[in-house]
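# An overview of the molecular structure
Here is what each chain is made of, one letter per residue.
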Amino acid sequence: MTVAPYDQATPRGAVLGGWILTQLDYAAGLAGRKISGGDALIVAIKELSFHAALHPGEEFTIHAELSRRGSSSFNLSVSAWAEPDAECRRILTADVLLVAVDEDGKPRKLL
């Protein structure tokens, strides 16, 4: 969980989509490392949808769940949420494809 920064707001008051995508990258990378047992790279972000605006100062959380596991690649179902004082609000959903890689950046079998 992090707090949406004020310095990443648009003139209309929403947090920039680029900042949100950076947080998605961090979250998918952390989940990918846990699932693959080592380094994993994002190959594609599929079916990305923004559902609501994120506002500066709101708590922001991203959840990632394994949705498909192959021999070296896997998909994560990612959802991002704003958690203001009241009710949670879904900000983003995405299907993220990752591949496990070795120290040379070549695909490897999942552990």
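Preceding this paragraph is the structure being described.
Conventions adopted
- Think of each chain on its own: its residues are numbered from 1, step by step along the sequence as written.
- Per-residue local features of the predicted model are confined to residues with pLDDT of at least 70, and side-chain atom pairs are confined, for both listing and counting, to 80 or more; whole-chain, interface and lining totals are unaffected and use all residues.
- Hydrogen atoms and water are omitted, and side-chain values are computed over all heavy atoms in the structure.
- Working definition: a ring pair exists when centres of Phe, Tyr or Trp rings (six-membered ring for Trp) sit within 6.5 Å. Plane angles under 30 degrees give stacked, over 60 give edge-to-face, the rest tilted.
- Secondary structure elements are defined from DSSP: runs of H or I of at least 4 residues count as helices, runs of E of at least 2 residues count as strands, and each element is numbered from the N terminus.
- Only protein chains enter the accessibility calculation, which uses a 1.4 Å probe. A residue is then buried if its area is under 20% of the maximum for its type, exposed if over 50%, and partly exposed in between.
- In this description, contact between two residues means that some pair of their heavy atoms is separated by no more than 4.5 Å.

For the rest of this paragraph, the subject is the packing of aromatic side chains. Any aromatic ring pair is given by two values, namely how distant the centres are and how the planes are angled relative to each other. Enumeration over the complete set of coordinates arrives at one aromatic pair. Centre to centre, the rings of Trp19 and Phe60 are 5.7 Å apart; their planes meet at 50°, and the pair counts as tilted. With Trp19 in helix H1 (residues 17-36) and Phe60 in strand S3 (residues 59-69), this pair connects stretches of sequence that are 41 residues apart. Residue Phe60 is classed as buried on the basis of its relative accessible area, which comes to 2%.

Tracing the chain through its elements places Pro56 in the loop between strand S2 (40-50) and S3. Beyond its immediate chain neighbours, meaning those up to four positions away, Pro56 contacts Ala4, Pro5, Tyr6, Ala9, Gly13 and Val15.

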